Amino acid sequence: INAEYMGDVAGFGRPVVPRSITDPQLRQLLDAAPDDTHEVLVQLLEKVDSWDFDVFALHERSRGASLSLITTCLLYKHGLVQHFNISPDVLQRWCSAIESGYHPNPYHNACHAADVTQILHYILYPGGMCRAITISPEDALASIVAGCIHDFDHPGFNNNFHTRTGAYLATLYNDRSVLENHHCASTFELMKNPKFDLLQSLTTDQRKEVRDTILEMVLATDMGNHTKIYQTFRRRLSDDPDWQRRDDVRLALSIAIKMADVSNCGRPQPLYLEWARKIAEEFYNQGDAERKLHYGISPFMDRLKHKTDFSKGQMSFMNYIVIPLFEAGAEFVPDLDWTVQRIQENKLYWQKREEAVSAN
């Protein structure tokens, strides 16, 4: 976290850095700060390379600005603002607009987007995927943007709900990756306004490269396409070990964002359980809406069955989606192998709960 970064987040307040930082420009900012609010924020952001990063703490202490802070931090950390000559003013406006475009859903909200963006960074860099593929500056930029916008304007109801109810978005996108198409289209529509055009300084070729990668990554987060993408990745793992072709890099980046999107199952248990509580509430909100419409309630979305179904739903999701995905990811990036055990430990929590219920 450098002086330029700290200057550009000044819109969030007067930045402060810990006494352990000796950079003279940052030291000057620290000495001029009126309180310790930003000292805490910088201390939290210093852990951005950690799997155990606590996005809830950042979201609370930043008064809901976790997504803007994470996105800005990572763009500067990887030198992308300088490399692409991104306007700091445009960056701040873009981050604010994207963050504001997230609804206050229990789960699919700006805090979730910040979490996915941070853990995607972890998978690609500290986690080691950068040693298996070559990540260009365009790929790095696309990855941060994809993580940031991957649930932009999410309404809190899933694709299936939209298609069942004949919602406008389902008609618009012909029932194909309804929300994922909407997240992308809404973002690029926003960027038609020069005030929010994060990519305005890129060349035509760079812009196309970044856009294509963003689209592929965000569309990969549609769980309706999970089996197809997972099986493609599995087959590719058994082929040529050289992953330098453009299609190979994009496949790896797609797997990385898919892993990040479900990574809460492998996070420290207090963080995981908080995310589990949030997804349950969002599921039940949809179930309530389905009940009012006299539709059959989607699996694991009936709040009246929480005590009997929720733990089963979590274990099923881990068994059939999360664990196989992370096992494949760890086969590609061996340094991520330990994450599978983390997921198993969180699954054990629900198994013990189930056993306790059965015993009683």
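Residues numbered from 1 in each chain as written. Predicted model: local features only at pLDDT ≥ 70, side-chain atom pairs only at ≥ 80, totals over all residues. Heavy atoms only, no water.

Caption draft 1: Quick peek at the overall build of the protein. Along the backbone of the protein there are 18 helices and 0 strands. Its C-alpha atoms give the protein a radius of gyration of 21 Å, within 12% of the compact-globule value 21 Å for 360 residues. The principal-axis extent of the C-alpha atoms belonging to the protein is close to 60 × 45 × 45 Å. Each of the 360 residues in the protein was classed as buried or not, and the buried ones make up 54%. The long-range share in the protein, meaning contacts at least 24 apart out of those at least 6 apart in sequence, stands at 71%. A total accessible area of about 16100 Å² is found for the protein, and carbon and sulfur atoms account for 51% of it. Placing the 37 positive and 48 negative side-chain charges of the protein at their respective mean positions leaves the two points 4 Å apart. (Helix = DSSP H or I, 4+ residues; strand = E, 2+ residues; numbered from the N terminus. Rg over C-alpha atoms; globule rule 2.2 N^0.38 Å. Buried < 20%, exposed > 50% of the residue type's maximum accessible area, 1.4 Å probe, protein only. Contact = heavy atoms within 4.5 Å. Areas by Shrake-Rupley, 256 points an atom, 1.4 Å probe, with all protein chains shown as cover. Lys, Arg positive; Asp, Glu negative; His and termini not counted. Charge placed at Lys NZ, Arg CZ, Asp CG, Glu CD.)

Caption draft 2: Here's a closer look at the side chain of Asn264. Among the structural elements, Asn264 can be located in the loop between helix H15 (246-261) and helix H16 (269-292). Taking relative accessible area as the criterion, Asn264 reaches 8% and is therefore assigned buried. With residues near it in sequence (within four places) discarded, Asn264 still touches Tyr107, Tyr272, Trp275 and Asn346.

Caption draft 3: Representation of the pattern of salt bridges. Applying the stated criterion to the full structure yields 21 salt bridges. When the shortest N-O distance is used, the salt bridge between Arg246 and Asp139 registers 2.4 Å. Separated by 107 residues along the polypeptide, Arg246 in helix H15 and Asp139 in helix H9 (residues 137-149) bring together distant segments of the chain. Judged by its relative accessible area of 30%, Arg246 falls in the partly exposed class. Overall, the relative accessible area of 0% leaves Asp139 in the buried class. Shared partners join several salt bridges into a network, and the residues in it are Glu281, Asp288, Arg291, Asp302 and Arg303. (Salt bridge = Lys/Arg side-chain N within 4 Å of Asp/Glu carboxyl O.)

Caption draft 4: A look at unusual backbone geometry. In this structure, Asn85 is a non-glycine residue whose phi angle is positive, near 55 degrees. With respect to the helices and strands, the residue Asn85 is situated in the loop between helix H6 (80-83) and helix H7 (88-100). Even without being glycine, Ser177 reaches a positive phi, approximately 45 degrees. Within the secondary structure, Ser177 sits in the loop between helix H11 (168-172) and helix H12 (178-190).

Caption draft 5: The nonpolar core, seen in detail. Counting 101 residues, the largest nonpolar core has Trp94, Met129, Ile133, Leu141, Ile149, Ile214 and Phe332 as the members making the most contacts within it. Leu169, Ala170, Val178 and Leu179 belong to the second-largest nonpolar core, a separate cluster that totals 5 residues. (Core = buried A, V, L, I, M, F, W, Y, C linked by side-chain atoms within 4.5 Å.)

Caption draft 6: Quick look at the confidence of the model for the protein. Mean pLDDT over the protein works out to 91, with 90% of the residues at or above the 70 mark. Predicted confidence for residues 1-19 stays below pLDDT 50, and this span has 65 contacts to residues more than four positions away or in other chains. (pLDDT = per-residue confidence, 0-100.)

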